[in-house]
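Listed below, chain by chain, are the residues.
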Number of protein chains: 2
Amino acid sequence: MSSTAKPAPTMGETAYGQIAGLLTSGRVAPGERLSLRDLAERLGTSTMPIRAAVGRLAEYGALEVSPNRAVRVPVMSAGRFSELADLRQQMEGLAAERAALAATAEDIDAIEPIATAFAEMVVGPDPDGGRAVALNRDLHFAIYAAARMPLLQSMIERLWLLAGPVLNLDMRADPRRLANTPAPRFHASALAALRRRDGASARAAISGDIADAASFILARGVLKED
Amino acid sequence: MSSTAKPAPTMGETAYGQIAGLLTSGRVAPGERLSLRDLAERLGTSTMPIRAAVGRLAEYGALEVSPNRAVRVPVMSAGRFSELADLRQQMEGLAAERAALAATAEDIDAIEPIATAFAEMVVGPDPDGGRAVALNRDLHFAIYAAARMPLLQSMIERLWLLAGPVLNLDMRADPRRLANTPAPRFHASALAALRRRDGASARAAISGDIADAASFILARGVLKED
DNA sequence: GACTATGAACCGTGATCACAGTCGGCGGCA
DNA sequence: TGCCGCCGACTGTGATCACGGTTCATAGTC
C-alpha cells in the first residue's frame, strides 16, 4: 500500500542501522577504535556489509578514518561541538519556521502527544535518560517533517548523528538534570507557534531549545579543548 | 607543509573523484543507468572501489538506487530543484555572513582575483561554459572557507554535488547567456560586504546570486514538473 | 632494569567467485 | 499481424582469499 516498495533491506542497510544505533546509544565511546572484522563477527556477517555501512557513516563524519585508515569513533572537541550546535540552531530553526507555514492540522495533532509525553516523563518519578532522548528526537523530527523539505530533513538527520554520542553521554551521565530542564517550555512554545503559524517564534523556540542544551553540555567542560 | 599527511589515496577515493567529475561535468545524463562493472572497466579496476565510491555518492543523494537496486543519475524535478535552491540560499548565505565576520585580509586578497577572473571571462569574446562554472565554484568556496566552519562547508559541498548536473547542463546549453548574467555584480557586492565586515549584505549578495541563477533555470521549464 | 629490535597478529583494501533477481529480446502461438 | 512467454545476459550483493602496512608484545641486548 505504501507508495515505496520495500524490497527486503540489504544486510548492508541493517548493518548501517545497527552501527548507527551503537553510536547514538553511546555504546561505543568517542575515540574507540572499531574493527571491520570484529563488527562483522558481532553482527554475524562477513565484512562486506560492514564495509558498506562504515563507508556511509564515515562519509557523514559519524565515523572517522585516520590517515592510517583506522576506523574510530570521532572525538568531539569543544570547537567542533560549538559549530555543530550553531548549525543545528540555524537549520532546525529554519525547519521549524517553515513547518509553521506548511503544517496541517493533522501534523500538529500528531506532534502534540509526543510533546506531552516528553514533558510528563521529565517531571515523573523515574526519568529514563534513554527514553527521554528518543522522545525528544521524535518530537523534533515530527516538527521538521511538517516542513515538507526532505532535503533539509536529511541534512538535519546527519547533524543528529554527529551529535548523538555526546548528547547520549550527557543524558546517561546525569539523568536527574531532566527534572530541571527547560526543554518542555521550549517545546510548548514551538507547538503554540506552529498553531499560530508564527514562523519567527517557532524558529526562536527550537533555536533556544538547542542553545540551552548545548550551553549546558559545554559548561560541564567534559569536551576536549579544541 | 600541510598539516594532514597524504597516505596515498585509495582507489576507492580516486574512483569517487572520477565519478563525481562525471556527474558535475554533465558527462552522464540525469536518469541514465550506471553499471558497476561498466564503470569498473572504464576506470580500469575491479568493482570493489566502484562499489565504495557509488555507495558514498548515493548516501549524499548524488546518485540514486532504485528499489530494484539499480543505480541511476537522479532526475531533478522542479520541486526538488526549488528546495535545493532554497536551502542553498539559506546555507550559503549563512556561510557568507559568517565569512564577513571571520575573514582575514589574506582571505579577501585571495578571493578578489577569482572574482575579477570570472567577471572578465563572462564579458570576454569567447565565454567558456565549463571554465565559468569552475571559476564560479572556486569563488563561492573561497568565500565559504573564510567562514572557518568546516561542517557547514562540507554540507554546502553536498548541495553543490546535487545541483552540479543541472547547473552544468544549463551552462553548456546556453553559454552566451553568460554575457548578460548579473552574477559579477552579486560577486562584487559580496566582496565589498566582506571588506566592510557587513554580514547582512554579504548574505544578501550570495543569496541573490543563487536565487537569480535558480529562477533563470526554472523559467526555462526544462525541469520535470514534480 | 631500561631500551631496542623482531616477529606474529591484525588492520583495511582490492580482486575474484557464486548467487538470486531483473530486464530485454527473440521465438512461438493465437 | 499482434501478443505472450520464455530464456539468456546482466545487475547488485555477499563471501572468501591475498596482500601490503601498522601495531603491539615479547625477547634480547646494553
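Anyway, here's the lowdown on the structure attached to this text. All values reported here derive from a predicted model rather than from experimental measurement.

All names here are of chain A. In the structure shown here, the tally under the stated rule is 4 aromatic pairs over all chains. Pairing F141 with Y144 gives two aromatic rings, centres 5.7 Å apart and planes at 75 degrees, and the pair type is edge-to-face. Residue F141 and its partner Y144 are located together in helix α6 (residues 129-145), separated by 3 residues, close to a single helical turn. Using a relative accessible area of 9% as the deciding quantity, one classes F141 as buried. Positioned over the ring face of Y16 is R56, at 4.1 Å from the centre of the ring.

Before going further, it helps to examine the packing of helix α8 (residues 183-196) of chain B against helix α9 (residues 199-220) of chain B. Residue and element names in this part refer to chain B. One can describe the packing of α8 onto α9 by two numbers: an axis separation of 8 Å at closest approach and a directional angle of 165 degrees. By the angle between their directions, the pair α8 and α9 is classed as roughly antiparallel. Of the two possible hands of crossing, α8 and α9 adopt the one that is left-handed. Where α8 abuts α9, its residues A183, F186, H187, S189, A190, A193, L194 and R196 lie against S201, A202, A205, I206, G208, D209 and D212. Among the residues forming the contact of α8 with α9, the class breakdown is 8 nonpolar, 4 polar and 3 charged.

Facing the 32 residues of chain A at the interface are 32 residues of chain B. For the chain A and chain B pair, buried surface summed over both sides reaches about 2800 Å², with 57% attributable to carbon and sulfur atoms. Looking only at chain A, the three residues that lose the most surface to chain B are E59(A), L151(A) and M155(A), adding up to 24% of its buried area. Where chain A touches chain B, the interface holds 5 salt bridges. Taking the shortest distance from any N to any O, the salt bridge between D86(A) and R98(B) comes out at 2.4 Å. Across the chain A-chain B interface, the total number found is 14 residue pairs in polar contact (both at pLDDT 80 or more). Elements represented by at least two residues in the side of chain A that touches chain B include exactly α1 (11-24), α3 (47-60), α4 (78-102) and α7 (150-173) of chain A. Looking at the side of chain A that touches chain B, the element that brings in the most residues is α4(A), giving 9 residues. Residue composition of the side of chain A that touches chain B, grouped by class: 18 nonpolar, 4 polar and 10 charged.

M11(A), S46(A), M48(A), L36(B) and R37(B) are the nearest of the 16 residues found near DNA strand D. Protein-adjacent atoms of DNA strand D, using a 4 Å cutoff, are sugar or phosphate at a proportion of 52%. Interatomic distance of 3.4 Å between a backbone N/O atom of G12(A) and a phosphate oxygen of DNA strand D. In the model, a base oxygen of DNA strand D is placed 3.0 Å from a nitrogen or oxygen of the R51(B) side chain. Mapped onto the surface near DNA strand D, the elements with two or more residues apiece are α1 and α3 of chain A together with β1 (33-34) and α2 (36-43) of chain B. At 3 residues, the largest contribution of residues to the surface near DNA strand D is made by α3(A).

Residue and element names in this part refer to chain B. An order of β1-β3-β2 is seen for the 3 strands of this open sheet, with the pairing classed as antiparallel. The two strands at the open ends of the sheet, each matched to only one other strand, are β1 and β2 (64-65). Looking at chain direction, β2 and strand β3 (residues 71-72) are connected through 2 bridges and run antiparallel. Paired with E64 across the strands is R72, a residue of β3.

Moving on: the environment of S25(A). Structurally, the position occupied by S25(A) is in the loop between α1 and β1 (33-34). Beyond its immediate stretch of four places on either side in the chain, S25(A) contacts N168(A) and R172(A).

What follows covers the protein's contact with DNA strand C. Around DNA strand C there are 17 residues in total, and S35(A), R37(A), M11(B), S46(B) and M48(B) lie nearest to it. Restricting the count to atoms of DNA strand C within 4 Å of the protein gives a sugar and phosphate share of 55%. Separating a base nitrogen of DNA strand C from a side-chain N or O atom of R37(A) is a distance of 2.8 Å. At the level of elements, β1 and α2 (36-43) of chain A together with α1 (11-24) and α3 (47-60) of chain B are the ones that each hand at least two residues to the surface near DNA strand C. Split into classes, the residues belonging to the surface near DNA strand C amount to 5 nonpolar, 6 polar and 6 charged.

Calculation notes
- Residues numbered from 1 in each chain as written.
- Chains lettered and ligands numbered in written order.
- Predicted model: local features only at pLDDT ≥ 70, side-chain atom pairs only at ≥ 80, totals over all residues.
- Heavy atoms only, no water.
- Phe/Tyr/Trp six-rings, centres within 6.5 Å; stacked < 30°, edge-to-face > 60°.
- Helix = DSSP H or I, 4+ residues; strand = E, 2+ residues; numbered from the N terminus.
- Buried < 20%, exposed > 50% of the residue type's maximum accessible area, 1.4 Å probe, protein only.
- Lys NZ or Arg CZ within 6 Å of the ring centre and 35° of its normal.
- Axes fitted to C-alpha atoms, helices over the stretch in contact; angles between N-to-C directions.
- Parallel < 35°, antiparallel > 145°, perpendicular 65-115°, else oblique.
- Left-handed = near helix turned anticlockwise from the far one by under 90°.
- Contact = heavy atoms within 4.5 Å.
- Nonpolar A, V, L, I, M, F, W, Y, C, P; charged D, E, K, R; others polar.
- Buried area = accessible area lost by both parts, 1.4 Å probe.
- Salt bridge = Lys/Arg side-chain N within 4 Å of Asp/Glu carboxyl O.
- Polar contact = N/O pair within 3.5 Å; in protein donor to acceptor, adjacent residues only side chain to side chain.
- Near = heavy atom within 4 Å.
- Pairing = 2+ DSSP bridges.

Take it as geometry only, folks, not as evidence of what the structure does.
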